[in-house]
Amino acid sequence: MNTAVRRTKFSKYLPFYLLAAPGMIYFILFHYVPIWGIILAFQDYSPYLGVFKSEWIGFENFIHFFNLPDFKVLLNNTLILSLCSIALYFPFTVLLSLLLNELRSVLFKRIVQSVFYLPHFVSWVIIAGITLIFFGPSGVITHSLEEMIGRTVPFMMSEAWFRPLIIFQSIWRDAGWGTIIFLAALAGINPEIYEAGKMDGAGRLRSMWHITLPGIKSTIIILLLIRLGHALDSNFQQVFLMSNNLNIGVSDVFDLYVYRVGLQQGSFSFGVAVGLFKSIVSLVLVLGANRLAKWFGEDGIF
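As recorded in an unreviewed UniProt entry, the chain goes by ABC transporter permease subunit and comes from Paenibacillus roseopurpureus. Turning to the chain, the UniProt annotation filed under Sequence similarities (unreviewed entry) states: "Belongs to the binding-protein-dependent transport system permease family."

*Asks:* Sorry, what's going on with the packing of helix H4 (residues 70-102) against helix H5 (residues 106-117) here?
*Replies:* In helix packing, the relevant descriptors are the interaxial angle and the interaxial distance, both defined with respect to the helix axes. It is at 9 Å that the axes of H4 and H5 come closest, and there the two elements cross at 155°. By the angle between their axes, H4 is roughly antiparallel relative to H5. Seen along the crossing, H4 lies across H5 with a hand that is right-handed. Of H5, the residues touching H4 (which contributes Leu 96, Leu 100 and Asn 101) are Lys 109, Val 112, Gln 113 and Phe 116. Of the residues belonging to the contact of H4 with H5, the class tally is four nonpolar, two polar and one charged.

*Asks:* How should the environment of Gln 169 be read in this particular structure?
*Replies:* Its location among the elements puts Gln 169 in helix H8 (residues 159-187). The exposure class assigned to Gln 169 is buried, which follows from its relative accessible area of 3%. For the pair Gln 169 and Leu 95, spaced 74 residues apart in sequence, the C-alpha separation works out to 18 Å. Discounting chain neighbours no more than four positions away, the residues touching Gln 169 are Trp 124, Ile 127, Ala 128, Thr 131, Gln 238 and Met 242.

*Asks:* Which parts of the structure should I look at to understand the packing of aromatic side chains?
*Replies:* Tallied over the full model, the rule gives 29 aromatic pairs. With 6.1 Å between their ring centres and 80° between their planes, Tyr 45 and Phe 268 make a pair best called edge-to-face. Linking Tyr 45 in the loop between strand S1 (43-44) and helix H2 (50-53) with Phe 268 in helix H15 (residues 268-295), this pair joins segments that are 223 residues apart in sequence. Tyr 45 gets classed as partly exposed once you look at its relative accessible area, which sits at 22%. On the basis of an interplanar angle of 80° and a centroid distance of 5.6 Å, the ring pair of Phe 240 and Tyr 259 is categorised as edge-to-face. Residue Phe 240 is found in helix H12 (residues 236-242), and its partner Tyr 259 is found in helix H14 (residues 254-264); the two are separated by 19 residues along the sequence.

What counts, and where the lines are drawn
Residues numbered from 1 in each chain as written. Predicted model: local features only at pLDDT ≥ 70, side-chain atom pairs only at ≥ 80, totals over all residues. Heavy atoms only, no water. UniProt positions renumbered as here; feature names shortened; annotations may be inferred. Axes fitted to C-alpha atoms, helices over the stretch in contact; angles between N-to-C directions. Helix = DSSP H or I, 4+ residues; strand = E, 2+ residues; numbered from the N terminus. Parallel < 35°, antiparallel > 145°, perpendicular 65-115°, else oblique. Left-handed = near helix turned anticlockwise from the far one by under 90°. Contact = heavy atoms within 4.5 Å. Nonpolar A, V, L, I, M, F, W, Y, C, P; charged D, E, K, R; others polar. Buried < 20%, exposed > 50% of the residue type's maximum accessible area, 1.4 Å probe, protein only. Phe/Tyr/Trp six-rings, centres within 6.5 Å; stacked < 30°, edge-to-face > 60°.

Structure representation (structure tokens):
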């Protein structure tokens, strides 16, 4: 390819390059440049000595972390919370997308979508406050239940209710927002396929099962793979705001532990080691799930 052709192509696609530039700069600055910091996981880092003069200790931070009595508790709490989120939040988002897609009135559909999208823009601090108003010790629901059943249900101070409240908050806040990609995928299904289905006598439920779901199957699998990549990530703000000393047995997850030990106690190297462990496990999960998806004949993400 000669230089003139390259320049012509570059000029042709220049607006697209400029459009993508802010996103690429963001990822380079905040996702790739900080990667060099993982060397702290192999050091006994001291802020006074700096990165280059701190002692190199190899895998000691990892060995210490794996031998901690809290390791199994942290792993269980993080995995259970993530799996509950995947098992409940993800199918709910797909179901909500299918239901929204079935609405025939455009105006009503836009109103319903807006109502479901709005909670996404509410901060976790406000959501935690709303939860406290309803489920706190003197909350509306807590007080009403106490009058009905004659005893107090400690929603906010019980290990049994911590996970249901976290999942409920996640669904209420983000389920509507999560439907955007699915609705975009649904819009790409050829309407003629539905017409053909109607001529064959297929009702709405049968069309949904045999046309709609297969039409967005690839999107569902890709989003599920991406979500698996965050299996060891918990929503730090949400968990931090909802945790307390009475539910710490189930609310103590890796992200809270990194914050507590790595930042509050100043063990930076140890905190980085825990974070690196999470990243490696997430990468393995994504690669494994991607291979499994290909094994079932899907495209995957690689």
